[in-house]
Amino acid sequence: MTGEDQRAVVVTGGSRGIGRAICRTLARPGTHVFFNYYTPGDRQEEEAAADETCKLIESAGGKATGIWANVADKDQVKDFFKQVMDACGRIDVLVNNAGITRDNLLVRMKESEWDDVLEVNLKGPFLCIQIAARVMMKQRSGRIVNIASIVGVVGNPGQANYVASKAGIIGLTKTAAREYASRGVTVNAVAPGFIETDMTAKLPEKVKAAMLAQIPLGRPGTPDDVAAAVRFLASEDAAYITGQVIHVSGGMYM
């Protein structure tokens, strides 16, 4: 099978957590999964995590390529997608998952904390969609899935920057869905609730308990729960669904 015969899947923030689960879930024979990973911290640790994602993709029968790239940097995003196109000549699925938090009360929030979160969580998907959509519109086919959050709908104290970015993702999803529908490209969002990840593991126990008390199904979600919704929206079974927000929250939002 040549590169251009392969289904090309792009996932941002794929080295761990929800992104890793999405990469593994979308991997199968005949599929090349590209994902980016990036951290301003320990690059060696992040590269080790990316290697683990690659192994999981390959064990599922897919081909894996992890690329060090910051989704908030336009030039790095361009280079990332150039590598995808050079390898496969097409883009079938884009999942905008990369995200960060810089929590603080609104009155105390530093401008840098606001900017950092909006750059990665909202500007990043904007840059990725711009490039991927051009390819998909020429193909007259494609699936774009954006990872939002329950807090983008209900709000959350101490997370004004993160909430604003995720609410923005929902608006971006609906607008892109309207713009690209005539070319056979669907755009949807998945809004996770309380999901067990490295990010939520750092929360105080009292906060976790309070969140669990709000979940009718009585348990936190897993990255695989989110990945399953993404898999559906990226499939042909979801061909008549666009502009929607699928909540994966155990009934926390309904």
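Just so it is clear, the model here is predicted, and its values are computed rather than measured. (Residues numbered from 1 in each chain as written. Predicted model: local features only at pLDDT ≥ 70, side-chain atom pairs only at ≥ 80, totals over all residues. Heavy atoms only, no water.)

Draft legend 1. Quick look at the overall build of the protein. Regarding its fold elements, the protein presents nine helices and seven strands. A globule of 254 residues ought to have a C-alpha radius of gyration of about 18 Å, and the protein, at 17 Å, matches this closely. Projected onto its principal axes, the C-alpha positions of the protein cover 55 × 40 × 35 Å. Counting the 254 residues in the protein, one finds 48% classified as buried. A separation threshold of at least 6 residues defines the contact pool for the protein, and within that pool the share at least 24 residues apart is 75%. Surface accessibility of the protein: about 12,200 Å² in total, with carbon and sulfur atoms responsible for 51%. Of note, the protein has its 29 positive side-chain charges centred 5 Å away from the centre of its 28 negative side-chain charges. (Helix = DSSP H or I, 4+ residues; strand = E, 2+ residues; numbered from the N terminus. Rg over C-alpha atoms; globule rule 2.2 N^0.38 Å. Buried < 20%, exposed > 50% of the residue type's maximum accessible area, 1.4 Å probe, protein only. Contact = heavy atoms within 4.5 Å. Areas by Shrake-Rupley, 256 points an atom, 1.4 Å probe, with all protein chains shown as cover. Lys, Arg positive; Asp, Glu negative; His and termini not counted. Charge placed at Lys NZ, Arg CZ, Asp CG, Glu CD.)

Draft legend 2. Up close: the layout of surface pockets. Its volume calculated, the second largest pocket comes out at about 150 Å³. For the second largest pocket, the full set of lining residues is Ile150, Val151, Val154, Gly155, Asn156, Met211, Gln214, Met252 and Tyr253. Considering only residue class, the lining of the second largest pocket consists of six nonpolar, three polar and no charged. (1 Å grid on protein atoms, 1.4 Å probe; cavity = no way out; pocket = protein on both sides within 12 Å on 5 of 7 lines; lining within 4 Å. Points joined across faces, edges and corners; volume = space filled by probe spheres on them. Nonpolar A, V, L, I, M, F, W, Y, C, P; charged D, E, K, R; others polar.)

Draft legend 3. The packing of aromatic side chains, seen in detail. Scanning all chains against the criterion turns up four aromatic pairs. Ring geometry for Phe35 against Tyr37: centres 6.2 Å apart, planes inclined by 45°, an arrangement best described as tilted. Tyr37 matches Phe35 in its accessibility class, with the two residues each being buried. Ring centres of Tyr37 and Trp68 lie 5.5 Å apart, and the angle between their planes is 80°; this geometry places the pair in the edge-to-face category. Of this pair, Tyr37 sits in strand β2 (residues 31–37) while Trp68 sits in strand β3 (residues 63–68), placing them 31 residues apart in sequence. A connected cluster of aromatic rings, assembled from ring pairs, spans Phe35, Tyr37, Tyr38 and Trp68. (Phe/Tyr/Trp six-rings, centres within 6.5 Å; stacked < 30°, edge-to-face > 60°.)

Draft legend 4. View of helix α4 (residues 111–139). If you check α4, its first and last C-alpha atoms are 41 Å apart, about what 29 residues at 1.5 Å a residue would give, namely 42 Å. Bending of α4 peaks at approximately 35° at the position of Glu119. Trailing α4 by a residue or two, Arg140 shows a phi angle of about 60°, which is positive. (Expected span 1.5 Å × (residues − 1). Bend = angle between axes of the 7 residues up to and from the residue.)

Draft legend 5. Examining the environment of Gly124 more closely. Structurally, the position occupied by Gly124 is in helix α4. Distance in space between the C-alpha atoms of Gly124 and Val77 is 8.4 Å, their sequence separation being 47 residues. Discounting chain neighbours no more than four positions away, the residues touching Gly124 are Val71 and Glu119.

Draft legend 6. Representation of the pairing of strand β1 (residues 7–11) within the structure. Along β1, five of the five residues are buried, which leaves the element largely enclosed by surrounding structure. Of the two faces of β1, the one holding Arg7, Val9 and Val11 and the one holding Ala8 and Val10 are both buried throughout. Note that β1 and strand β4 (residues 93–96) share three bridges and pair parallel. Each bridged residue has a counterpart across the sheet, and for Val10 the counterpart in β4 is Leu94. (Pairing = 2+ DSSP bridges.)

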